[in-house]
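Take a look at the letters that make up each chain.
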Amino acid sequence: MASQLKFVLPLSILTISFLYICNADSCSSHTFSDNRVYSSCTDLPHLGAALHYNQSSSGNSIDIAFRAPQSSSGWVAWGLNPKGSSMVGSQVLVAFFHSNGSLVAYPTQLDSYSPSMAPGDLTFPVSLLSAEYVKKEMIIYATLGLPDAKTKYNHVWQAGSTVTGDVPGVHPTSGENVLSKGTVDFQ
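The structure reproduced in this document is the subject of the present report. Keep in mind that what you see is a predicted model, and the values were worked out from it rather than measured.

1. Observations regarding the nonpolar core
Reasoning step 1: Among the nonpolar cores identified, the biggest contains 26 residues, and L51, I64, F66, W78 and F186 are the most heavily contacted of them.
Reasoning step 2: Listed by contribution, the elements that provide at least two residues to this core are β2 (50–55), β3 (61–69), β4 (75–81), β5 (91–97), β8 (137–145) and β9 (152–160).
Reasoning step 3: Counting residues in hydrophobic clusters, the runner-up holds 11 residues, among them W75, M87, Y106 and L110.

2. Things to note about unusual backbone geometry
Reasoning step 1: Of note in the backbone geometry, L128 takes a positive phi value of approximately 50° without being a glycine.
Reasoning step 2: A residue is classified by how much of its surface remains accessible, and L128, at 69% relative accessible area, is exposed.
Reasoning step 3: Not every positive phi belongs to a glycine, and D166 is a case in point at roughly 60°.
Reasoning step 4: When you line up the elements, D166 lands in the loop between β10 (163–164) and β11 (167–168).

3. So, the state of the cysteines
Reasoning step 1: Throughout the structure, instances matching the rule amount to 1 disulfide.
Reasoning step 2: There is a disulfide in this structure between C27 and C41, and the S-S distance comes to 2.3 Å. Linking C27 and C41, the disulfide has an S-S dihedral of approximately 70° and is accordingly described as right-handed. Taken together, the residues span a long stretch of sequence, with C27 in the loop between α1 (2–23) and β1 (40–43) and C41 in strand β1 at a distance of 14 residues.
Reasoning step 3: Overall, the relative accessible area of 28% leaves C41 in the partly exposed class.

4. Considerations on the sheet that holds β8
Reasoning step 1: Pairing within the open sheet is antiparallel, and its 5 strands lie in the order β1-β2-β3-β8-β7. The sheet is open, and its two edges are formed by β1 and β7 (126–134), each paired on a single side. Each strand axis lies, on average, 15° off the axis of its neighbour in the sheet, ignoring direction.
Reasoning step 2: Where β1 and β2 come together, 4 bridges link them in antiparallel fashion. Pairing of D43 across the sheet is with A50, part of β2.

Calculation criteria
- Residues numbered from 1 in each chain as written.
- Predicted model: local features only at pLDDT ≥ 70, side-chain atom pairs only at ≥ 80, totals over all residues.
- Heavy atoms only, no water.
- Core = buried A, V, L, I, M, F, W, Y, C linked by side-chain atoms within 4.5 Å.
- Buried < 20%, exposed > 50% of the residue type's maximum accessible area, 1.4 Å probe, protein only.
- Helix = DSSP H or I, 4+ residues; strand = E, 2+ residues; numbered from the N terminus.
- Disulfide = S-S within 2.5 Å.
- Pairing = 2+ DSSP bridges.
- Axes fitted to C-alpha atoms, helices over the stretch in contact; angles between N-to-C directions.

So, in structure tokens, the structure goes:
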């Protein structure tokens, strides 16, 4: 009996892992509403998130779609840190359901480990900012003017489970939430 269990358990784990991978919506197979198409994408290594983008022909701006799994009571955020590699100093786009029932998206600067999360201007242009909630994913769309005429940036992404008084709550400070950062090259 013990030898049968040793064989069945690894086979069960392998089967579950295979089913999860086959059912996962990789960024390259994802379709967006309004016939939006992005030429590049990357499945981000944490929080089940993905980043899709198109660089403008001039190379000075980028159209992005950031998507992450989320409940309707939570929030998601994605942004660039032009000066460093951590959360502090990042300039992000955040989305959540407002208390009036509308899905809102706005830019904000993360100036400390306890940012206000209030709407504010970024040091680079943001236009066409919007969000949608589809199949238990929050998706942020925007066009960004690329700061400092570079293509490679540090970026951060995040998800939190609560919004109180129309302000995103603190995200978990362990596990994948503290690992959700990296570099992206828009070239």
